[in-house]
Amino acid sequence: MRATVAAIYRAESRRVFATLVRLLGDLDLAEEALHDAFRAALEQWPRDGVPTNPRAWLVSAGRFKAIDGIRRRARFVAIEHVAEQVDALADETAERDDEGIEDDRLRLIFTCCHPALSPDAQVALTLREVCDLTTEEIARAFLSAAPTLAQRIVRAKAKIRDARIPYQVPTPDELPQRLDSVLRVIYLVFNEGYMASAGESLTRIDLSGEAIRLGRLLVELLPEPEAMGLLALMLLQESRRAARTTETGDLVLLNDQDRSLWNRDQIAAGLALVERALASRRFGSYTLQAAIAAVHADAPSADATDWAEIVGLYDVLLRATPSPIVELNRAVAVAMRDGPAAGLAIVDELLARGNLDDYHLAHATQADLCRRLGKTVEARAAYGRAAALAQQGPERRFLERRLAELEN
Amino acid sequence: MKYLCLVYLDESAPQHVADSDCLAYDAAIRASGHCIASEALQPVRTATTVRVRNGQVSVTDGPFAETKEQLAGFYLIDAKDLDEAIALAARIPPAQEGSVEVRPIRPIREIASQSGASVAHG
């Protein structure tokens, strides 16, 4: 029975929690009610058997436990207020259908990613409340101290309560902007995992995997084109995980990767999503980035890649979201299509503008193009600048290796 | 739930927000029943800051801190939640030039009267 309850906890606890959040209007009350409900299940199910609809049973048990709790505390607060609260809870007519419960999970995601919370708090709260990671796991994943993270979560919950951030799916006219906020949180989580995966610590939770699960959940609940685009982008980037580093943790550039190591299932799922998103004609920058990743995924080798298509997609992406980093990536594609000199001209001009000065990959790109053109002196200087700016061990080692090769 | 929408504008910038626009929105939000009180303020050069330290009242010219944008007016509104408050604040015309800070009202009187009630019931 314990195993059955544990399995039901794994499968249902986040759904039950999301519904309790809606019913009780408070994250902490819902958390408490969730635990009370499972405690009641452990007591009653061995005696009475597992109910036919465990989810509905748990929601209802949690709600009654919460009403009890509010009544108990009633001695300390004004009676009218409590009566009102209990009425509101008892009024809630029966258990909703499954669709209602799925809506509750979507509500919870939008609350955790509300733009009135700081971006850090959005990420922490989403991982805590939607993904059910512990505070310690989140702290370790972001290499920050557990008390700092706990405090961030407590503050975010207090703001939700005091400023009354609602548990609701935004109206259609608010949706695009609010969805952006959710997608940004998911992609932040993914990127943190993507970078960390080349790192040293094995005790860190697989954030990329969490982000992909979140992305899948979002597409399931709200099949908007950009949600599909982001999920596709994450799957296509994740498909290269095994090829991205050597056994010793050194970086392998895309063009040098052993493509037989790419995960074909993830690529197939990613390509299908890109097609669906593009077909909607309402796509944005995530879909375009995924489309670029899809061209790479489709190509048997770097040389056989359709670089003209990639440059074209970067042109569209630049119009949608102008950014020097997108320009830099476009320059790399131009170098592949038209040769390194054409790419270098763009990179030199970009660096001359000054807003990529501190970005190590801008210098690394300049260095690589100079190296391919035989401009050894310039290449060496640029590799040096890039290595000095690089934060991550594997990236720095890669740049230093290139620098050493040029010095011989 | 009550929120105070604090309207900030850069007084030194050439004014683009017309008084007629502000008055039109004021009339609309009052008609909708969301507005409890609203006023525009005289420029910050007319402000006086009062402090009491050790029983001594000190009076100084101007605002407490120099900032780029100054408090120009306020709306005390009633909204069902922060999303509704944000939607109402976003339609205040100066939001297009300056900014609007949305702050939930701390129900200090209600809390005080509740703790009074609990003493009575206890």
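What you see is a predicted model, and the numbers here were worked out from it, not measured in a lab.

Attention now goes to the overall build of chain B. Along chain B, the regular secondary structure elements total three helices and six strands. Its helices and strands in sequence order give chain B the pattern β-α-β-β-β-β-α-β-α, from N to C terminus. The C-alpha radius of gyration computed for chain B amounts to 18 Å, which surpasses the reference 14 Å derived for 122 residues by more than 25%, pointing to a less compact arrangement than a globule. With 122 residues in all, chain B has 26% of them scored as buried. For chain B, the proportion of contacts with a sequence separation of at least 24, taken over those separated by at least 6, is 76%. Accessible surface, chain B as shown: approximately 8000 Å² in total, 56% of it carbon and sulfur. Between the averaged position of the 11 positive side-chain charges in chain B and that of its 16 negative side-chain charges there is a distance of 8 Å.

For the rest of this paragraph, the subject is the overall build of chain A. Summing up its helical and strand segments, chain A has 20 helices and zero strands in all. The principal-axis extent of the C-alpha atoms belonging to chain A is close to 80 × 45 × 40 Å. Within chain A, contacts between residues at least 6 apart in sequence are counted, and of these 62% link residues at least 24 apart. Total accessible area computed for chain A in this model is approximately 19600 Å², and 51% of it derives from carbon and sulfur atoms. If the 51 positive side-chain charges of chain A are averaged to one point and the 61 negative ones to another, these points end up 2 Å apart.

Looking now at the packing of aromatic side chains. All names here are of chain A. The full count for this structure, using the stated rule, is five aromatic pairs over all chains. Three or more aromatic residues joined by ring pairs form one cluster here, namely Tyr-187, Phe-190 and Tyr-286. Lying across the ring of Phe-64, Arg-63 places its NZ or CZ 5.6 Å from the centre. A cation over a ring is seen here: Arg-240 above Trp-262, with NZ or CZ 5.7 Å from the ring centre.

The next subject is the state of the cysteines. Put plainly, a disulfide is one covalent bond tying together the sulfur atoms of two cysteines. Residues and elements named next belong to chain B. Applying the stated criterion to the full structure yields zero disulfides over all chains. Summary of cysteine pairing: Cys-5 is not part of a disulfide, and the nearest cysteine sulfur, belonging to Cys-35, is at 9.0 Å. On the accessibility criterion, Cys-5 (1% relative accessible area) is buried. Cysteine Cys-22 is unpaired, with the sulfur of Cys-35 as its nearest cysteine sulfur at 13 Å. The partly exposed category is assigned to Cys-22, whose relative accessible area is 21%.

Side-chain positions along a regular strand alternate between the two faces of the sheet. All names here are of chain B. Judged from the six bridges that link them, strand β3 (residues 48-53) and strand β4 (residues 56-61) form a sheet pairing that is antiparallel. Of the residues in β4, the one forming a bridge with Val-52 is Val-57. The turn linking β3 back onto β4 is made up of two residues, and Asn-54 within it adopts a positive phi angle of 50 degrees.

Glancing now at the sheet that holds strand β2 (residues 35-40) of chain B. Pairing between the strands of a sheet is mediated by backbone hydrogen bonds and can be parallel or antiparallel. All names here are of chain B. The antiparallel open sheet is built from four strands, whose spatial order is β2-β5-β1-β6. Edge positions in the open sheet fall to β2 and β6 (99-104), since each of these has one partner strand only. Going across the sheet, the axis of each strand differs from the next one's by a mean of 20 degrees, ignoring polarity. As paired elements, strand β1 (residues 2-9) and β6 share six bridges and run antiparallel to each other. By the bridge assignment, Tyr-3 is partnered in β6 with Pro-104. Docked against the sheet, helix α2 (residues 82-90) engages β1, β5 (70-78) and β6, running at close to 150 degrees with respect to β6.

Residues and elements named next belong to chain A. Within the structure shown, the criterion is met by 32 salt bridges over all chains. Of the charged contacts, one joins Arg-330 and Asp-315 as a salt bridge, the two residues approaching to 2.5 Å between their closest N and O atoms. Separated by 15 residues along the polypeptide, Arg-330 in helix α16 (residues 324-338) and Asp-315 in helix α15 (residues 307-320) bring together distant segments of the chain. Relative accessible area serves as the criterion here: at 27%, Asp-315 is assigned to the partly exposed category.

A few words on the nonpolar core. Judged by nonpolar contacts, the single largest core of 137 residues is most densely connected at Met-234 of chain A together with Tyr-75 and Ile-77 of chain B. Two domains each provide a minimum of three residues to this core, namely domain 1 (2-96) and domain 2 (316-408) of chain A. Excluding residues within four positions of it along the chain, Met-234 of chain A makes contact with Ile-186, Tyr-187, Phe-190, Ala-211, Ile-212 and Gly-215 of chain A.

It is worth spelling out the confidence of the model for chain B at this point. Residues and elements named next belong to chain B. Scored by pLDDT, chain B comes out at a mean of 88, with 92% of its residues at no less than 70. Taking the mean pLDDT of every element in chain B, the minimum, 69, falls on helix α3 (residues 108-121) and the maximum, 97, on β6. Overall fold confidence (pTM) sits at 0.85, and the ipTM for the predicted complex is 0.83.

Residues and elements named next belong to chain A. Mapping Gly-25 onto the fold places it in the loop between α1 (2-24) and α2 (27-48). Sequence separation of Gly-25 and Thr-126 is 101 residues, and the distance between their C-alpha atoms is 17 Å. Setting aside anything within four residues of it in sequence, one finds Gly-25 in contact with Leu-20 and Tyr-167.

Residues and elements named next belong to chain A. Taken N-terminus to C-terminus, the directions of helix α11 (residues 225-238) and helix α14 (residues 285-298) make an angle of 35 degrees; their axes are 8 Å apart at the nearest point. Where α11 crosses over α14, the handedness of that crossing is left-handed. Here α11 contributes Pro-225, Glu-226, Gly-229, Leu-230, Ala-232, Leu-233 and Leu-236 to the contact with α14, which in turn contributes Ser-285, Tyr-286, Thr-287, Gln-289, Ala-290, Ala-293, Ala-294 and Ala-297. Classifying every residue of the contact of α11 with α14 by side-chain character gives ten nonpolar, four polar and one charged.

Okay, α14 of chain A next. All names here are of chain A. Taking 1.5 Å as the rise per residue, α14 with 14 residues should run 20 Å; its terminal C-alpha atoms sit 20 Å apart, in good agreement. Within α14, twelve of the 14 residues are buried, which leaves it mostly tucked inside the rest of the structure. Buried within α14 are the following residues: Ser-285, Tyr-286, Thr-287, Leu-288, Ala-290, Ala-291, Ile-292, Ala-293, Ala-294, Val-295, His-296 and Ala-297.

Moving on: unusual backbone geometry. Within the chain, Asp-132 of chain A stands out as a residue other than glycine whose phi angle is a positive 65 degrees. Asp-132 of chain A sits in the partly exposed class, given a relative accessible area of 26%. One non-glycine residue with positive phi stands out, namely Asn-54 of chain B, at about 50 degrees.

Nonpolar side chains collect at one region of the surface, where Val-50, Val-52, Val-57 and Val-59 of chain B lie side by side and expose about 370 Å² of accessible area between them. Residue classification places Val-52 of chain B among the partly exposed positions, given a relative accessible area of 48%.

What counts, and at which threshold
- Residues numbered from 1 in each chain as written.
- Chains lettered and ligands numbered in written order.
- Predicted model: local features only at pLDDT ≥ 70, side-chain atom pairs only at ≥ 80, totals over all residues.
- Heavy atoms only, no water.
- Helix = DSSP H or I, 4+ residues; strand = E, 2+ residues; numbered from the N terminus.
- Rg over C-alpha atoms; globule rule 2.2 N^0.38 Å.
- Buried < 20%, exposed > 50% of the residue type's maximum accessible area, 1.4 Å probe, protein only.
- Contact = heavy atoms within 4.5 Å.
- Areas by Shrake-Rupley, 256 points an atom, 1.4 Å probe, with all protein chains shown as cover.
- Lys, Arg positive; Asp, Glu negative; His and termini not counted.
- Charge placed at Lys NZ, Arg CZ, Asp CG, Glu CD.
- Phe/Tyr/Trp six-rings, centres within 6.5 Å; stacked < 30°, edge-to-face > 60°.
- Lys NZ or Arg CZ within 6 Å of the ring centre and 35° of its normal.
- Disulfide = S-S within 2.5 Å.
- Pairing = 2+ DSSP bridges.
- Axes fitted to C-alpha atoms, helices over the stretch in contact; angles between N-to-C directions.
- Salt bridge = Lys/Arg side-chain N within 4 Å of Asp/Glu carboxyl O.
- Core = buried A, V, L, I, M, F, W, Y, C linked by side-chain atoms within 4.5 Å.
- Domains from an automatic or database assignment.
- pLDDT = per-residue confidence, 0-100.
- Left-handed = near helix turned anticlockwise from the far one by under 90°.
- Nonpolar A, V, L, I, M, F, W, Y, C, P; charged D, E, K, R; others polar.
- Expected span 1.5 Å × (residues − 1).
- Patch = residues over 30% accessible without salt bridge, like charges linked within 9 Å, V, L, I, M, F, W, Y side chains within 5 Å.

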